Each structure stands twice: as C-alpha cells, then as structure tokens.
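Below are the chains, spelled out letter by letter.
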Amino acid sequence: MWIDTHCHLDAPEFGADHALAVQARTLAAQRGVGLCVIPAVMRQNLDTVRRLAHRLGDAYALGIHPLYVPRAADEDLDALDAALTEHRNDPRMVAVGEIGLDFFVPALCEPAMRERQERFYRAQLRLARQHGLPVILHVRRSADGLLKHLRELPTGGGIAHAFSGSAEQARAFTDLGFALGFGGASTFEPAKRLRALAAELPLSAVVLETDAPDIPPQWLYATAAERAAGQAQGLNTPAELPRIGGVIAGLRGMAPDEFAATTSANACRVLPRLAALAPVTS
C-alpha cells in the first residue's frame, strides 16, 4: 500500500464540488494508494480539508501556508487554535500543516514579510507543541531558517515536504525526528542532485507525496513551449503516486512493493495518527 503524504485535493483544479478529486481518489485507490494527507493552507479552507478528508476516507492537517501569510490576519492564528481544539479527538487530523517559510518568492523575501512569515511559523510550532501534533513543513530555500526555529521550538517531528536541500540539511531534519517528502520532481532525469538524495538517504528518512495538483511528474509535464503550442499540462493526482514511487524505488534498487510498504511505515511513524487509519508494516 502507498501513502500520499501531501496532496491538495481541495484545490480549484479539482472543481468547486470536488468531483474530480473524488474521481482521482477512486483511481488512486484502484492503483494501491491506501491513504492521502490533505493539508490546509489558510483559515478559509480549514473546514474544507476536514470535510473532504472525511468524505474520501483520508487524513488532513490544519495550518497556514507561508504563501498565504501576506493575506492572513493575526486572528487567523486564533481560528487555527480553535479548530485544533475543536477537532482534537478527530483521528483523521494528523498534523499541523502546511506551515513553514518560503524565501523563493521575491515579495516574501522583503524584511517585513520575512519577519511576518517567521512569526506565523513560530506561532504554529507553538500550537503544534500545545496540541501534541507533528508538523508538515513547506521548505523552499528556507531549510536553515526552519531548522533554527525547530531547534528552539521542537515538535518531535513531522515531514519536510518537497525536500530539495543538501544532504547535511537532510540529516539535520532527520535528527529532529522528520522524514523527507519526495515526489514528482524526482522523476526528471536532469534533477541529478535530488535523485541522488532520494537514492542515497537512509530509507527510514523517505516518505512519498504528489503535492497534487502541483509538482507534476515528468510524464505529465508540458514545457512552456509546449503549452504555448496548445498542449495542456497533465493533471497531477494521487493516482500518479505508485508510478512516482516506482521511479524512486528504481533509483534505490528496490522492488516497488517493498518500497511502498517501507515508506508507508515511515509515514505512520512520523505522523502517528496515520497508523490507526491505515496500519502497515515495513
């Protein structure tokens, strides 16, 4: 069984009524994806991801994404705390996320916005500690900053989503109890450093994700020139996870079934509530 540890099935690409999400999730289940984790990104979708996870039989996380910090109000942190409190006994709520720092988008690198991102991040780390939950981290040119605050406000672990840092940064995250999320970006042959990480890290450090509808694998990706010529970008969904996992398993010289079982066990270790929803053994 495969576990997709990060997919945004509530995204607009899946339709306002989530009909495409239901179709994609059904196909994913047919291909062996037993469980998905749907993270929130802002106050306005906290309830949406919860309801969708229950509808699909999946799991969810609640948090405020750094890309949404510019439009977030300070009161949104209170709303997040209230939601975490209200649903504290919901077995499908498995983490605080997606939270973190983004120092790739130029507007987010301005001093005032860096400070605001860090304030929201630290506040959400405190909420994770208060509610006894792991975290799902957005890591984009921000690994060292994330680690600095984690050392001051440790959560006990979680997942560094879409990891693309160095081997040293990877070890620092795993030392703090984190697994590292790998997905569609690892299917591109030119991504040699990322593929080397996926192949060489300790197996216990690896979990799988699609980040659907974002970060499509190589076989769904259309270049800018192809899109300009009218070729549509393929829709990335959790149904792609077994093929993505098969590529990464090949990089490690492993059988896909063994890789699926082990990475799913890893996911249940770092997001402990998953184990009750989809018991797996490595």
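Just so we're clear, the structure is a prediction, and the values are computed from it rather than from any experiment.

Sorry if this is basic, but what is going on with the packing of aromatic side chains here?
In this description, a pair of aromatic rings is defined by centroid distance and the angle of the planes. Evaluated as defined, the whole model comprises three aromatic pairs. Relative to F173, the ring of F163 lies with its centre 6.0 Å away and its plane at 80°, an arrangement referred to as edge-to-face. On the criterion of sequence distance, the pair formed by F163 in the loop between β6 (158-161) and α6 (167-175) and F173 in helix α6 is long-range, its members being ten residues apart. Ring centres 5.9 Å apart and planes at 70° place the aromatic pair F173 and F178 in the edge-to-face group. Here F178 falls in the buried class, since its relative accessible area comes to 2%.

It is not clear to me how the pairing of strand β3 (residues 59-62) should be interpreted in this structure. Could you clarify?
On any regular strand, side chains alternate: one points to one face of the sheet, the next to the other face. Because side chains alternate across β3, one face comprises the buried residues A59 and A61, and the other comprises Y60 and L62, equally buried. As defined by bridge partners, strand β2 (residues 33-39) adjoins β3 across three bridges and the pair is classed as parallel. By the bridge assignment for β3, V37 is matched with A59. Since β2 and β3 lie parallel, the crossover through helix α2 (residues 46-56) that links them has a hand, and here it is right-handed. Examined bridge by bridge, β3 and strand β4 (residues 93-102) share three bridges and lie parallel to one another. Paired with A61 across the bridge in β4 is A95.

What's the story with the nonpolar core in this structure? I'm lost.
Proteins that are soluble and globular tend to have nonpolar side chains buried together. L62, L137, F173 and F182 are the most contacted members of the largest nonpolar core, which totals 63 residues. Those residues within four positions of F182 in sequence are excluded, and the remaining contacts are F163, L194, L197, A198, L201, V206, V207, L208, E209 and I248.

Any chance you could explain helix α10 (residues 256-270) here in plain terms?
An α-helical turn contains 3.6 residues, so any two residues separated by three or four positions project in the same direction. End to end, α10 covers 21 Å across 15 residues, agreeing with the expected 21 Å (1.5 Å per residue, within 8%). Looking only at α10, the buried set comprises F259, A260, T262, T263, S264, A265, N266, A267, C268 and V270. Where α10 is buried, its residues meet β1 (2-4), β6, β7 (178-182), β8 (206-208), α9 (241-252) and α11 (274-277).

I would appreciate a short explanation of the pattern of salt bridges in the present structure.
A side chain with one charge may pair with a side chain of the opposite charge, provided their charged atoms come close. As enumerated under the stated definition, the model contains eleven salt bridges in all. Note that R50 is salt-bridged to D47, the shortest N-O span being 2.5 Å. Of the two residues, R50 and D47 are both situated in helix α2; the distance of three residues between them amounts to about one turn of the helix. When its relative accessible area of 35% is taken as the criterion, D47 is described as partly exposed. For the salt bridge of R122 with E152, the shortest nitrogen-to-oxygen distance reads 2.6 Å. Within this pair, whereas R122 is found in helix α4 (residues 111-131), its partner E152 is found in helix α5 (residues 143-152), the two being separated by 30 residues in sequence.

Could you clarify how one ought to interpret the packing of helix α3 (residues 75-86) against α4 in this entry?
The relative placement of two packed helices is expressed as an angle between their axes plus a distance between the axes. Contact geometry for α3 and α4: axes closest at 11 Å, N-to-C directions at 20°. One element, α3, and the other, α4, form an angle in the roughly parallel class. In this structure, α3 crosses over α4, and the sense of that crossing is right-handed. Together, L77, L80, D81, L84 and T85 of α3 and F120, A123, Q124, L127, Q130 and H131 of α4 make up the contact between the two elements. In terms of residue class, the contact of α3 with α4 is built from six nonpolar, four polar and one charged.

Looking at this structure, how should I read the sheet that holds β3?
Backbone-to-backbone hydrogen bonds pair the strands of a sheet. The strands run either parallel or antiparallel. On the basis of which strands lie adjacent, the open sheet formed by eight strands has the order β1-β2-β3-β4-β5-β6-β7-β8 and parallel pairing. With partners counted over all chains shown, the strands left at the sheet margins are β1 and β8, one partner each. Strand-to-strand twist in this sheet, taken as the mean axis angle between neighbours without regard to direction, amounts to 30°. Relative to β8, β7 runs parallel, the two being bridged by three bridges. Paired with G181 across the strands is V207, a residue of β8.

Before we go on, may I ask you to explain α5 in this structure?
Every buried residue belonging to α5 is among A143, G145, L146, L147, H149 and L150, and all of these are buried. Structurally, α5 contributes buried residues whose contacts are with β4, α4, β5 (135-140), α6 and β7.

How should the side chain of H8 be read in this particular structure?
Within the fold, H8 resides in the loop between β1 and α1 (19-30). Setting aside residues no more than four positions away along its own chain, H8 makes contact with F14, P39, V41, E98, D211, A212 and P213.

How should I be thinking about the pairing of β2 in this particular structure?
Judged by how many residues are buried, β2 sits mostly within the fold: six of seven residues are covered. Looking at chain direction, β1 and β2 are connected through three bridges and run parallel. Bridge pairing in β2 links D4 to C36. Read from β1 through α1 to β2, the crossover connection turns out right-handed.

What counts, and where the lines are drawn
Chains are numbered independently. Their residues run from 1 in the order of the written sequence. Local features in a predicted model are, by the rule used here, given only for residues with pLDDT of at least 70; side-chain atom pairs are given and counted only at 80 or more, and totals for whole chains, interfaces and linings are based on all residues. Here the side-chain values reflect all heavy atoms present in the structure, with hydrogen atoms and water set aside. Only Phe, Tyr and Trp rings take part, Trp by its six-membered ring, and two of them pair if their centres are within 6.5 Å. Stacked means planes under 30 degrees apart, edge-to-face means over 60, and tilted covers everything else. Helix numbers and strand numbers start at the N terminus; a helix is a DSSP run of H or I with at least 4 residues, a strand a run of E with at least 2. Residue exposure (1.4 Å probe, protein chains only): buried if accessible area is under 20% of the type maximum, exposed if over 50%, otherwise partly exposed. The pairing criterion is simple: DSSP has to find at least two bridges between the two strands. A clockwise course of the path from the first strand over the helix to the second, judged with the strands pointing away from the viewer, identifies a crossover as right-handed. Take the buried residues of types Ala, Val, Leu, Ile, Met, Phe, Trp, Tyr and Cys, join any two whose side-chain atoms come within 4.5 Å, and each joined set is a nonpolar core. The contact definition used throughout considers only heavy atoms, calling two residues in contact when any of these lie within 4.5 Å. Expected helix span is taken as 1.5 Å per residue step, with the number of steps being one fewer than the number of residues. Salt bridge, as applied in this entry: a Lys or Arg side-chain nitrogen positioned within 4 Å of an Asp or Glu carboxyl oxygen. Lines fitted to C-alpha atoms define the axes here, with helix axes fitted over just the stretch in contact, and angles between the N-to-C directions of these axes take values from 0 to 180 degrees. Roughly parallel means an angle under 35 degrees; roughly antiparallel, over 145; roughly perpendicular, 65 to 115; everything else is oblique. Throughout, a crossing is termed right-handed when the near helix is turned clockwise from the far one, and left-handed when it is turned anticlockwise from it by less than a right angle. Amino acid classes used here: Ala, Val, Leu, Ile, Met, Phe, Trp, Tyr, Cys and Pro are nonpolar; Asp, Glu, Lys and Arg are charged; the rest, including Gly, are polar.

Without other data, these values stay purely geometric and don't point to any function.
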